[in-house]
Amino acid sequence: MEDGTNLGVIPTQDAIRKARELGLDLVEINPKISPPVCKILDFGKFKYEEARKKRETKRKQTVIEIKEIKVRPKTDEHDLGVKLRAARRFLETGNKVKVICRFRGREITHPEKAREQLDEIVAGTADLANVELPPSMEGRSMAVVIAPKPAILQRVSQERARKEQERHLTKEQERERDEKEKELRRQRQAEAEAARAKQKLSVDQLLEHDPRYDSTDEDYDADDEEDDDDDVDDDEEE
C-alpha cells in the first residue's frame with residue numbers, strides 16, 4: 001500500500017476493490033515476476049514523483065562532449081597558438097578534445113610534421129588533460145584525444161551544482177514574489193469592494209435623511225387631494 005503496508009498475495013479483484021475503497025489506484029510495479037508486484041497508491045502523484053526523479057538524475061549527470069580541433073601540417077605557430085587556446089578552453093569546461101591533423105596530397109609522406117603539432121598541443125594542455133588516445137593515423141589524417149583531469153571534472157561538476165542551486169533559489173524567489181503580488185492584488189480588490197460598499201451605504205443613508213424623500217410627503221399629498229375634493233363639492237353646492 002501507499003504507506004508501505006504489505007497485504008501479501010491477494011486476488012486481483014480484491015486488490016482493485018481495496019484500492020477503490022481507499023480512493024486510490026492499483027499500479028503494477030514489477031510485471032516480470034509471478035505473481036506481479038503491485039502497489040495501492042495515487043497514480044498521478046506516482047507519475048509526478050517518477051518524472052521528478054528522472055529530471056534530478058539527468059541534471060546530476062555529467063555530460064562530456066568531444067570537441068574537434070583541426071590543423072594542417074603547414075599550420076603556422078600563430079594559428080597553432082589559437083588552436084591551443086581553444087583546446088584549453090574546451091578542457092576547462094569539462095569536454096574532451098580531439099585534435100585532427102589532415103594531410104593533402106603529398107603531405108602524407110611527412111607524418112612527423114603532424115606528430116610534432118599534435119605533441120605541441122598535448123604539451124600545452126598537460127596541466128589540464130591526460131592523453132586518452134595517443135596520436136594515430138585515421139585514413140589521411142592523424143588524431144589524438146585528450147580528456148580533462150579528474151580535478152577539472154570535479155571543479156566543473158561543483159560549478160554546475162552551484163549554478164543549479166542558484167537557479168533553483170531564483171525560481172523560489174520569483175515564486176514567492178508572485179505569491180506576494182497576488183496577495184497584494186487580492187487585498188486591493190477587497191479594499192476596493194469594501195470602499196464601494198461603504199459608498200453605497202452612505203448614499204442610501206443620505207437618501208433616507210433627505211426631506212424630499214420623506215415618507216410623510218404621501219400624507220401631504222393625500223390631504224391635498226382631500227382639499228381638492230372639498231373644493232369640488234363646494235362648487236357643486238353653489
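For the structure, see preceding data.
Residues numbered from 1 in each chain as written. Predicted model: local features only at pLDDT ≥ 70, side-chain atom pairs only at ≥ 80, totals over all residues. Heavy atoms only, no water.

Attention now moves to the overall build of the protein. Helix and strand counts for the protein come out as six helices and six strands. Going from the N terminus to the C terminus, the protein shows its helices and strands as α-β-β-α-β-α-β-α-β-β-α-α. Looking at the 238 residues of the protein, the share that counts as buried comes to 18%. Of all intrachain contacts in the protein linking residues separated by at least 6 positions in sequence, the fraction that spans at least 24 positions is 56%. (Helix = DSSP H or I, 4+ residues; strand = E, 2+ residues; numbered from the N terminus. Buried < 20%, exposed > 50% of the residue type's maximum accessible area, 1.4 Å probe, protein only. Contact = heavy atoms within 4.5 Å.)

Looking now at the nonpolar core. Residues Val71, Leu91, Val97, Val99, Leu118, Ile121 and Ile146 are the most contacted members of the largest nonpolar core, which totals 21 residues. Non-local contacts of Leu118, meaning those with residues more than four positions away in its chain, are made with Val99, Cys101, Pro135, Met142, Ala143 and Val144. (Core = buried A, V, L, I, M, F, W, Y, C linked by side-chain atoms within 4.5 Å.)

Another aspect to go through is the sheet that holds strand β5 (residues 129-137). Spatially, β3-β4-β6-β5 is the arrangement adopted by the four strands of the open sheet, whose pairing is mixed. Both edges of this open sheet fall to β3 (66-71) and β5, since each of them pairs with a single strand only. Pairs of neighbouring strands in the sheet enclose a mean axial angle of 15°, with direction left out of account. The pairing of β5 with strand β6 (residues 141-148) spans six bridges and is antiparallel. Note on β6: the bridge partner recorded for Leu133 is Val145. The strands touched by helix α3 (residues 77-92) are β3, β4 (96-102), β5 and β6; relative to β3, the strand with the most contacts, the crossing angle is about 175°. Docked against the sheet, helix α4 (residues 111-124) engages β3, β4, β5 and β6, running at close to 10° with respect to β6. (Pairing = 2+ DSSP bridges. Axes fitted to C-alpha atoms, helices over the stretch in contact; angles between N-to-C directions.)

Attention shifts here to the side chain of Gln117. Locating Gln117 in the fold gives a position in helix α4. Gln117 sits in the buried class, given a relative accessible area of 6%. If near-sequence neighbours (up to four positions away) are discounted, Gln117 is found in contact with Val71, Arg72, Pro73, Lys74, Thr75, Leu80 and Cys101.

This part is about the packing of aromatic side chains. With the rule as written, the count across this model stands at one aromatic pair. Here the guanidinium or amino end of Arg89 rests over the ring plane of Phe90, the centre of that ring lying 5.8 Å away. (Phe/Tyr/Trp six-rings, centres within 6.5 Å; stacked < 30°, edge-to-face > 60°. Lys NZ or Arg CZ within 6 Å of the ring centre and 35° of its normal.)

This part covers a negative patch on the surface. On the surface, Asp76, Glu77, Asp79 and Glu120 cluster together to form a negatively charged patch. Mapped onto the elements of the fold, Asp79 is located in helix α3. (Patch = residues over 30% accessible without salt bridge, like charges linked within 9 Å, V, L, I, M, F, W, Y side chains within 5 Å. Areas by Shrake-Rupley, 256 points an atom, 1.4 Å probe, with all protein chains shown as cover. Salt bridge = Lys/Arg side-chain N within 4 Å of Asp/Glu carboxyl O. Lys, Arg positive; Asp, Glu negative; His and termini not counted. Charge placed at Lys NZ, Arg CZ, Asp CG, Glu CD.)

Between side chains of opposite charge, a pair can form when the charged atoms approach closely. Counted according to the given criterion, the structure contains 14 salt bridges. With its nearest N and O atoms 3.1 Å apart, the salt bridge here joins Glu65 to Lys67. For Lys67, a relative accessible area of 26% translates into the label partly exposed. With a shortest N-O distance of 2.3 Å, Arg162 and Glu159 are connected by a salt bridge. Residue Arg162 and its partner Glu159 are located together in helix α5 (residues 150-209), separated by three residues, close to a single helical turn. Residue Arg162 is classed as partly exposed on the basis of its relative accessible area of 37%. Among the ionic contacts, a cluster of salt bridges with common partners joins Glu159, Arg162 and Glu166.

Here the focus is α3. Along its 16 residues, α3 runs 22 Å from first to last C-alpha, staying within 8% of the 22 Å computed at 1.5 Å per residue. Among all positions of α3, only Leu80, Gly81, Ala86, Ala87 and Leu91 are buried. Downstream of α3 by one or two residues, Gly94 has phi in the positive range, about 90°. (Expected span 1.5 Å × (residues − 1).)

Turning our eyes to something else, we now look at the environment of Lys149. Tracing the chain through its elements places Lys149 in the loop between β6 and α5. In the structure, Lys149 is positioned 21 residues away from Leu128 in sequence and 5.9 Å away in space, judged by C-alpha atoms. Beyond its immediate chain neighbours, meaning those up to four positions away, Lys149 contacts Ala126, Asp127, Leu128, Ala129 and Asn130. Polar contacts involving the side chain of Lys149 include one to the main-chain carbonyl oxygen of Ala126, which spans 3.0 Å. (Polar contact = N/O pair within 3.5 Å; in protein donor to acceptor, adjacent residues only side chain to side chain.)

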